[in-house]
Amino acid sequence: MSPSLDHVEHWVFDMDNTLYPAECGLMGRVQDRINAFFVRTVGMGPAEARQLQLKYLRDHGTSLSGLMLNHRVDPRAFLDEVHRVELDCLTPDPVLRDGLSRLPGRRLIFTNGAAAHAERVLDALNIADLFDDVFHIEASDLIPKPDPRAFTRMIERHGVDPRRAAFFEDTEKNLKPAADIGMTTVLVGAHAPASTAAFVDHRTETLPPFLNRLALKDAA
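Conventions adopted
Residues numbered from 1 in each chain as written. Predicted model: local features only at pLDDT ≥ 70, side-chain atom pairs only at ≥ 80, totals over all residues. Heavy atoms only, no water. Axes fitted to C-alpha atoms, helices over the stretch in contact; angles between N-to-C directions. Helix = DSSP H or I, 4+ residues; strand = E, 2+ residues; numbered from the N terminus. Left-handed = near helix turned anticlockwise from the far one by under 90°. Contact = heavy atoms within 4.5 Å. Nonpolar A, V, L, I, M, F, W, Y, C, P; charged D, E, K, R; others polar. Buried < 20%, exposed > 50% of the residue type's maximum accessible area, 1.4 Å probe, protein only. Arc of directions from axis to C-beta. Pairing = 2+ DSSP bridges. Core = buried A, V, L, I, M, F, W, Y, C linked by side-chain atoms within 4.5 Å.

**Examining the packing of helix α3 (residues 63–71) against helix α4 (residues 75–82)**
Here α3 crosses α4 at 145°, and the two axes come no closer than 10 Å. Of the two elements, α3 crosses α4, and the hand of that crossing is right-handed. Counted together, S63, L64, L67 and M68 of α3 and P75, F78 and L79 of α4 form the full contact between these two elements. Classifying every residue of the contact of α3 with α4 by side-chain character gives six nonpolar, one polar and no charged.

Here it is as structure tokens:
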């Protein structure tokens, strides 16, 4: 049975590990650069630096937020360095493009990644032209998901009505504040079917087939 999102007019997508499969390994490359940045910046060995990075991620939403609060790191230097990775693992997916193209209304990216990173990824996937705009970490004044303030800023900037919006994410905890303000939530990834969170409305292992089987408003 096709899931019905016929009330949705605003389609909001996380980017990394959502628009493309996590198995491609792109975020592993980014993680390697984050690890190296931590080792150099905090003066710890790799294992200790990794534990600190995970703590900052858990406590602050992003590694960058913890670095800024505790080590006065220049956010631009961090974002430029950790996103300087090859994108050869990304290839355009015609099924993804078809699925996105059929969505009625506006399409937005809502990412904790940097603006330049988002531009490169969307170009590599050949879907940049399908989105009205990108709400990146700089647009959020470096306040990341799942902080509710990031959602408020995204909604206000782009005039999104949460009751008529769907949010697609691979990180379960980032869907909670979306559900709290009335957005329909979709968890994406191999882990999605096992999710039992009450704030997750729909679950799919991969995004393209889900989009292509949606029952949509004004669909024939």
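**A few points about α3**
Listed as buried for α3 are S63, L64, S65, G66 and L67. Looking at the buried side of α3, the elements it contacts are α1 (26–42), α2 (46–60) and α4. Taken from the residues just after α3, R72 is the one with a positive phi, measuring 55°.

**Side note on helix α7 (residues 148–158)**
Inspection of α7 places A150, F151, M154, I155 and H158 among the buried residues, and these make up the whole buried set. End-on, the buried residues of α7 take up no more than an arc of 130°, which puts them together on one face. In α7, the exposed residues that point more than 90 degrees away from the buried face are P148, E156 and R157. On the buried face of α7, the contacting elements are β1 (10–13), β2 (106–110), β3 (133–135), β4 (165–169) and α8 (176–180). Just past α7, the residue G159 takes up positive phi, approximately 60°.

**Some words on the sheet that holds β2**
Sheet architecture is open: six strands sit in the order β3-β2-β1-β4-β5-β6, paired in parallel fashion. Of all the strands in the sheet, just β3 and β6 (202–204) have a single pairing partner and so form its edges. Direction aside, neighbouring strands of the sheet carry axes that sit 20° apart on average. Where β4 and strand β5 (residues 184–188) come together, four bridges link them in parallel fashion.

**Side note on the nonpolar core**
Within the largest apolar cluster, 48 residues are counted, with the highest numbers of intra-cluster contacts made by W11, F13, L19, F168 and L211. Residue contributions to this core peak at six residues, all from α1. Once residues lying within four places of it in the same chain are set aside, the contact partners of F168 are L5, W11, V12, F13, D14, T18, V186, V188, L207, F210 and L211. Among the nonpolar cores identified, the runner-up in size contains 21 residues, and L108, A139, V160 and A192 belong to it.

Interpretation in functional terms is not warranted from these geometric data alone.
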